[in-house]
Amino acid sequence: MKYLDEYRDGALVAPLVEKIARLSAGRALKVMEVCGGHTHTIYKHGIEEILPDTVDLVHGPGCPVCVIPMGRIDDALALARTPGVIFTTYGDMMRVPGSKGSLLEAKAEGADVRFVYSPLDALKLARANPDRRVIFFAIGFETTAPSTALTLLRAQAEGVPNFSIFCNHVTIIPAVKAILDSPDLRLDGFIGPGHVSAIIGTRPYRFIAQDYRKPVVIAGFEPVDILQAIEMIVRQIVESRAEVENQYTRVVIEGGNGKALEAMMRTMELRPYFEWRGLGFITHSALKLRPEFAAFDAEALFDVPGVRIADPKACQCGEVLKGTIKPWQCKVFGTACTPETPIGTCMVSSEGACAAYYNYGRYAMSRPGAAAGEETAP
Amino acid sequence: MREDPAGVSDRIERARQARHGRYLLKEEFITLSHGSGGKASHSLIEGVFVAALRNPLLDRMEDQAVFTVEGARLAFTTDSYVVDPIFFPGGDIGKLAVNGTVNDLATSGADPLYLSLGVILEEGFPLSDLHRIAASIREAADRAGVQVITGDTKVVPRGKADKIFINTAGVGVLRRQGTISLSRARPGDRVLMSGPIGDHGVTVLAARGDLELELEIESDTAPLNGLIRALLDTGVEVHCLKDPTRGGVATALNEIAMHSGVSIALDEINLPVSPEVQGACEILGLDPLYIANEGRLLVIAPPEGVDVLLRTMRNHEFGAGSRIIGEVFTEPQSMVFLRTEIGGTRVVDMLAGDPLPRIC
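Keep in mind that what you see is a predicted model, and the values were worked out from it rather than measured.

A. Representation of the overall build of chain B in the model. Looking only at helices and strands, chain B features 10 helices and 14 strands. What you see for chain B is a C-alpha radius of gyration of 20 Å, in line with the 21 Å of a compact globule of 360 residues. The buried share of chain B, taken over its 360 residues, is 57%. Taking contacts inside chain B between residues at least 6 apart in sequence as the whole, the part at least 24 apart equals 82%.

Below you can see the structure in the form of structure tokens.
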């Protein structure tokens, strides 16, 4: 496919890997990819495996499904079970476990839960079912928040009274800052998120370079994008620079997307604090609807328990999200916690580090032992 | 903190072995995942039906049962169809119901002979649609060379079923010696695929209309008994035949890897995927390897005969796009891998959850 194949070209990959190896020789660098989309690409294409040992990728908190705390899932379940409600969600959220089951199970028990590809589909459902109350489970970073915002504006303009939003949008910068301030972590650079940056631009990352002296390179989502970004980060380190660079120039511009940002500002405001799964409460890290949109705010319209639920004891999603442990170092990884029966959110979403490791990465782990026989898969 | 990475795979394998290669059935209710054809479906079948009905023929867990009656080797199978929408580009629920059962018989090496037809109709279903489906069933049966010789009809009140559900069962006869089975893949064997993957699933998804995807592809639904007969007529040894339906090529090959206790490596660069399916999958975040096919064939055979098989497949109307997509290895057992275009490898696991219900 045009625009895709050229970024998956095997011929471009080998020279890049060689360059990274040459530049990073003798070092032990830890680079965090902030975005779950990058984690997914890294595992889907086996990038860790072709990287030199001198560069270690650490998987960050940018998987929107993974960072939703259990209490919010319970709130979603309560909304979904409210009589007369059609509860709509992105498909990924269906299997995320709350303290009392998942949306998929609530659906099996009779709740009207439907998965949609966009909040506009939920609005369409609301118009088609005027006698029902349609709630959209809004999650995600600045990538998905604009489409929620635009849907809200449309719902307001058209006056759809039976439509509301259960808003769980989060913002990436405070989470990155929390990770930078975390004492148990040493990182040498960041692969910046591509889609989020298409909205917010490149300026919000400057503090990482200026205050923390860490290189940031915003990258696209194909293997060549990621390898190029790693090469740029390593080059900065070698040259003792710490800057925000943009590898994803075909999509990301410095100022971001003004229209999308404006729609977000008109409809949403920062929450004083929000709980992130595994990371705890982070100040000004999430969005809620502005009071003018209270008529569309499910949290204002419905009773939600709003109870904070502690993560299951065995689950180490928090450490995985901060990058302090690798997914396979978690006590329950692959045994009690699998994609079929997830305990933690990181095992649910295809962007979650644990699911990516489990689904795609196990072979790389088993390689040393597996390389013995002649007839072993290469 | 846990030990070295290599130890983790062993622990996962031990956890798998401890449940005897079975997936646990933890849920209290049926969810849509149980219909996905992937892990949850397996846990349901093994945890409920095989557990209750256990017998040597059922325990083989293949797409059909093969048994001998008065000296004749017969194959017997059944399948139900709940596809939504019932009409889609390239086919409809009737054509699917014939081809699906024909293919489940043919992949044992049997010549399909007779089908049964069970129809559950929702009150209010238009008779014109039913005529159309019946004509389509007749046409598909003629095409496959089978006859529908018995049937049943039920009508349920409006809202108690969605339009029309169809069940077909089929009987075929095995006229050749030798066994074709999911458990016969051997190290060194090659994996052949008869055409592009994912066309059916993506077509049905697009035909639902809620994605507003306009694609110029059709369902691949087709009877595979002619193609399989041509393959077996060459006299070349074939180990496994499988039509990768729900759960896609990934799930089908995982079943073979588990049944045969082998490892299967696929080459991403050789996977046939149409630009339309690739594009739709990129947009929707799906992997073509997990999308259903209804008229594609996976063939696993020793390397010596592969040239002849490939030529025969390519000469057949339903195998024109055939190519070698992978190879069978000894270790690590019961796993499928993909060698990526950029030179990495990754595990290709069985489908876990179902993103697309009611695809067939």
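Next comes the rest of the description.
B. Here's a closer look at the overall build of chain A. When helices and strands are counted, chain A shows 15 helices and 13 strands. The globule rule puts the C-alpha radius of gyration for 378 residues at 21 Å, and the 21 Å found for chain A is close to it. Taking the principal axes of its C-alpha atoms as reference, chain A extends roughly 65 × 45 × 45 Å. Relative to its full complement of 378 residues, chain A shows a buried share of 60%. Restricting to contacts in chain A with at least 6 residues of sequence separation, those with at least 24 account for 77%. When the 40 basic and 43 acidic side-chain charges of chain A are each reduced to a single mean position, those positions are 3 Å apart.

C. Molecular detail of the sheet that holds strand 3 (residues 85–89) of chain A. Residue and element names in this part refer to chain A. Pairing is parallel in the open sheet, where four strands are placed in the order 4-3-5-6. Lying at the two open borders of the sheet, with one neighbouring strand each, are strand 4 (112–115) and strand 6 (163–169). Strand-to-strand twist across the sheet, computed as the mean angle between neighbouring axes with direction ignored, equals 25°. In this fold helix 4 (residues 70–80) packs onto strand 3, strand 4, strand 5 (133–140) and strand 6, with an angle of close to 170° to the strand it touches most, strand 6. The strands touched by helix 6 (residues 119–128) are strand 3, strand 4, strand 5 and strand 6; relative to strand 5, the strand with the most contacts, the crossing angle is about 175°.

D. Just the domain arrangement of chain A, in detail. Residue and element names in this part refer to chain A. Partitioning chain A into domains gives domain 1 (1–312) and domain 2 (317–360). The straight-line distance from the C-alpha centre of domain 1 to that of domain 2 is 17 Å. The interface is formed by 33 residues belonging to domain 1 together with 24 residues belonging to domain 2. For the domain 1 and domain 2 pair, buried surface summed over both sides reaches about 2300 Å², with 62% attributable to carbon and sulfur atoms. Where domain 1 packs against domain 2, one counts two salt bridges. Lys326 serves as the salt-bridge partner of Asp56, at 3.0 Å between the closest nitrogen and oxygen. Taken together, domain 1 and domain 2 are joined by five residue pairs in polar contact (both at pLDDT 80 or more).

E. Looking closely at helix 12 (residues 258–267) of chain A. Residue and element names in this part refer to chain A. All buried positions along helix 12 are accounted for by Ala260, Ala263, Met264 and Thr267. In an axial view of helix 12, the angular spread of the buried residues amounts to 100°, which keeps them on one side of the axis. The N-cap residue of helix 12 is Asn257: its side-chain oxygen and the backbone nitrogen of Lys259 are 3.2 Å apart.

F. View of helix 2 (residues 39–53) of chain B. All names here are of chain B. The end-to-end C-alpha separation of helix 2 is 20 Å, in line with the 21 Å expected for 15 residues at 1.5 Å each. Its maximal kink placed at Glu46, helix 2 deviates by approximately 30°. Residues of helix 2 that are buried include every one of Lys39, Ala40, Ser41, His42, Ser43, Leu44, Glu46 and Val50, and no others.

G. Focus on the pairing of strand 11 (residues 298–301) of chain B. Residue and element names in this part refer to chain B. Here strand 11 shows a buried face lined by Leu298 and Ile300 and a second buried face lined by Val299 and Ala301. The sheet contact formed by strand 8 (residues 190–193) and strand 11 spans four bridges and is antiparallel. Opposite Leu192, over in strand 11, you have Val299 as the bridge partner.

What counts, and where the lines are drawn
Residues numbered from 1 in each chain as written. Chains lettered and ligands numbered in written order. Predicted model: local features only at pLDDT ≥ 70, side-chain atom pairs only at ≥ 80, totals over all residues. Heavy atoms only, no water. Helix = DSSP H or I, 4+ residues; strand = E, 2+ residues; numbered from the N terminus. Rg over C-alpha atoms; globule rule 2.2 N^0.38 Å. Buried < 20%, exposed > 50% of the residue type's maximum accessible area, 1.4 Å probe, protein only. Contact = heavy atoms within 4.5 Å. Lys, Arg positive; Asp, Glu negative; His and termini not counted. Charge placed at Lys NZ, Arg CZ, Asp CG, Glu CD. Pairing = 2+ DSSP bridges. Axes fitted to C-alpha atoms, helices over the stretch in contact; angles between N-to-C directions. Domains from an automatic or database assignment. Buried area = accessible area lost by both parts, 1.4 Å probe. Salt bridge = Lys/Arg side-chain N within 4 Å of Asp/Glu carboxyl O. Polar contact = N/O pair within 3.5 Å; in protein donor to acceptor, adjacent residues only side chain to side chain. Arc of directions from axis to C-beta. Expected span 1.5 Å × (residues − 1). Bend = angle between axes of the 7 residues up to and from the residue.

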